[in-house]
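# Remarks on the overall topology
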Amino acid sequence: GAVVSQHPSRVICKSGTSVKIECRSLDFQATTMFWYRQFPKQSLMLMATSNEGSKATYEQGVEKDKFLINHASLTLSTLTVTSAHPEDSSFYICSAPRGAGGIFTDTQYFGPGTRLTVL
Amino acid sequence: QKEVEQNSGPLSVPEGAIASLNCTYSDRGSQSFFWYRQYSGKSPELIMFIYSNGDKEDGRFTAQLNKASQYVSLLIRDSQPSDSATYLCAAGFRDDKIIFGKGTRLHILP
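First, a word on scope: everything that follows refers to the structure included in this document.

Cut-off values and rules
Numbering of residues begins from 1 in every chain and follows the order in which that chain's sequence is written. Going through the entries in the order they are written, you letter the chains from A and number the ligands from 1. Two thresholds apply to this predicted model, a pLDDT of at least 70 for residue-level local features and 80 or more for giving and counting side-chain atom pairs, whereas whole-chain, interface and lining totals are computed over all residues. To get the side-chain values, all heavy atoms of the structure are used, and hydrogens and water are removed first. One requirement defines pairing of two strands: DSSP has to find at least two bridges between them. For the purposes of this entry, the term helix denotes a DSSP run of H or I that reaches at least four residues, the term strand denotes a run of E that reaches at least two, and both are numbered from the N terminus. Note on geometry: axes are C-alpha line fits, over the in-contact stretch for helices, and angles between N-to-C directions span 0 to 180 degrees. Residue contacts are defined here by distance: any two heavy atoms, one from each residue, within 4.5 Å place the two residues in contact. By buried area we mean how much accessible surface two parts lose on assembly, using a 1.4 Å probe and totalling the loss over both. Only one rule defines a salt bridge in this text: a Lys or Arg side-chain nitrogen within 4 Å of an Asp or Glu carboxyl oxygen. Throughout this description, a polar contact denotes any pair of N or O atoms lying within 3.5 Å of each other; where both atoms belong to protein, one of them has to be capable of donating a hydrogen while the other can accept it, and for residues adjacent in sequence the pair is counted only when both atoms sit in side chains. In this classification, the charged set is Asp, Glu, Lys and Arg, the nonpolar set is Ala, Val, Leu, Ile, Met, Phe, Trp, Tyr, Cys and Pro, and all remaining amino acids, among them Gly, are polar. When two rings of Phe, Tyr or Trp (its six-membered ring) have centres within 6.5 Å they constitute a pair, described as stacked for plane angles under 30 degrees, edge-to-face for angles over 60, and tilted for the intermediate range. The buried label applies to any residue whose accessible area, calculated with a 1.4 Å probe on protein chains only, is under 20% of its type's maximum; exposed applies above 50%, and partly exposed to all values in between. Criterion for a charge above a ring: Arg CZ or Lys NZ at most 6 Å from the ring centre, at most 35 degrees from the ring normal.

### Notes on the sheet that holds strand S3 (residues 19–25) of chain A
All names here are of chain A. Spatial ordering of the open sheet is given by S1-S3-S8-S7, a layout of 4 strands whose pairing is antiparallel. Only two strands of the sheet have a single neighbouring strand rather than two, namely strand S1 (4–7) and strand S7 (67–73). Here the average twist between neighbouring strands, direction ignored, is 15°. When S1 meets S3, the two strands line up antiparallel, connected through 4 bridges. Along S3, the bridge assignment pairs valine 4 with serine 25.

Here it is in structure tokens:
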């Protein structure tokens, strides 16, 4: 069964509103989670690394004030898209490494994704 | 700059034939390599990972890694229509980050 969940699976919002997406590890603790964004027919682009108990680290070109990440517990990371605009419409996917992680991360689990549509 | 390059395709392969997917990476700091399959509108699912030079086989799938050439490949034997998907090559790093290529669309012809 799924080991990483995301909520909501789909969201449609008006331009200018904020949207929160949750990523949960279901039966393991994750001190680190990753957020990706995928535009149609494009690959997954890493947006940021969510760190439990500390600030997220963002990839170059990703606006930290627009994409707020909170990793308040060992099983939950949230991504808030603030003042969303149509160009933010995308497929947002989170992932979490399970266990010790490290370089042999065959156990990095992906959530099912959240389809965001901004009107 | 960590980059993973793939041919976007589409790659069309007759059913029952071998599909060969290729990938190169730029950062020699990459420690492990992954092949994910992604169906339209779905999250990627892991097919194989490899971190040592050479071949690794799992059922109909064989991953090949050549660190000197910074090259990774995936062979799919006895291709089935259900193998039609986008295949993402990815490189993993010590901080658990995974960087993805743009993916190769594979179409298995019945």
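And the narrative resumes.
### Structural notes on the interface of chain A and chain B
Across the boundary between the two partners, chain A contributes 24 residues, which contact 24 residues of chain B. Taken together, the two surfaces of chain A and chain B that pack against each other cover about 1,900 Å², and 58% of this comes from carbon and sulfur. Across the contact surface, chain A and chain B share 1 salt bridge. With a shortest N-O distance of 2.7 Å, A:Glu59 and B:Lys97 are connected by a salt bridge. Our count for the contact surface shared by chain A and chain B stands at 5 residue pairs in polar contact (both at pLDDT 80 or more). Every element with two or more residues in the side of chain A that touches chain B is listed here: strand S4 (32–38), strand S5 (45–51), strand S9 (90–97) and strand S10 (108–110) of chain A. Across the side of chain A that touches chain B, the residue classes break down as 11 nonpolar, 10 polar and 3 charged.

### Concerning the packing of aromatic side chains
Evaluated as defined, the whole model comprises 10 aromatic pairs over all chains. Each ring, one from B:Tyr36 and one from B:Phe100, has its centre 5.3 Å from the other, and the planes form 50°; the classification is tilted. Residue B:Tyr36 is found in strand S4 (residues 32–38), and its partner B:Phe100 is found in strand S10 (residues 98–100); the two are separated by 64 residues along the sequence. Accessibility expressed as a relative area gives 6% for B:Phe100, which makes it buried. Three or more aromatic residues joined by ring pairs form one cluster here, namely A:Tyr36, A:Phe110, B:Phe34, B:Tyr36 and B:Phe100. Seen from the ring of B:Phe49, B:Lys56 lies directly overhead, with NZ or CZ sitting 3.6 Å from the centre.

### Some remarks on the sheet that holds strand S7 (residues 61–66) of chain B
All names here are of chain B. In spatial order, the strands read S1-S3-S8-S7-S6; together these 5 strands make up an open sheet with antiparallel pairing. Strand pairing shows two members of the sheet lacking a second neighbour, strand S1 (4–5) and strand S6 (54–58), which therefore form its edges. Sheet analysis places strand S3 (residues 19–25) next to strand S8 (residues 71–76), joined by 6 bridges and oriented antiparallel. Across the sheet, residue cysteine 23 finds its bridge partner in S8, namely valine 72.

### A look at the environment of B:Cys89
If you trace the backbone, B:Cys89 turns up in strand S9 (residues 85–92). Every residue in contact with B:Cys89, bar those within four places of it in the chain, is listed here: B:Val4, B:Gln6, B:Cys23, B:Phe34, B:Trp35, B:Val72, B:Ile99, B:Phe100 and B:Gly101.

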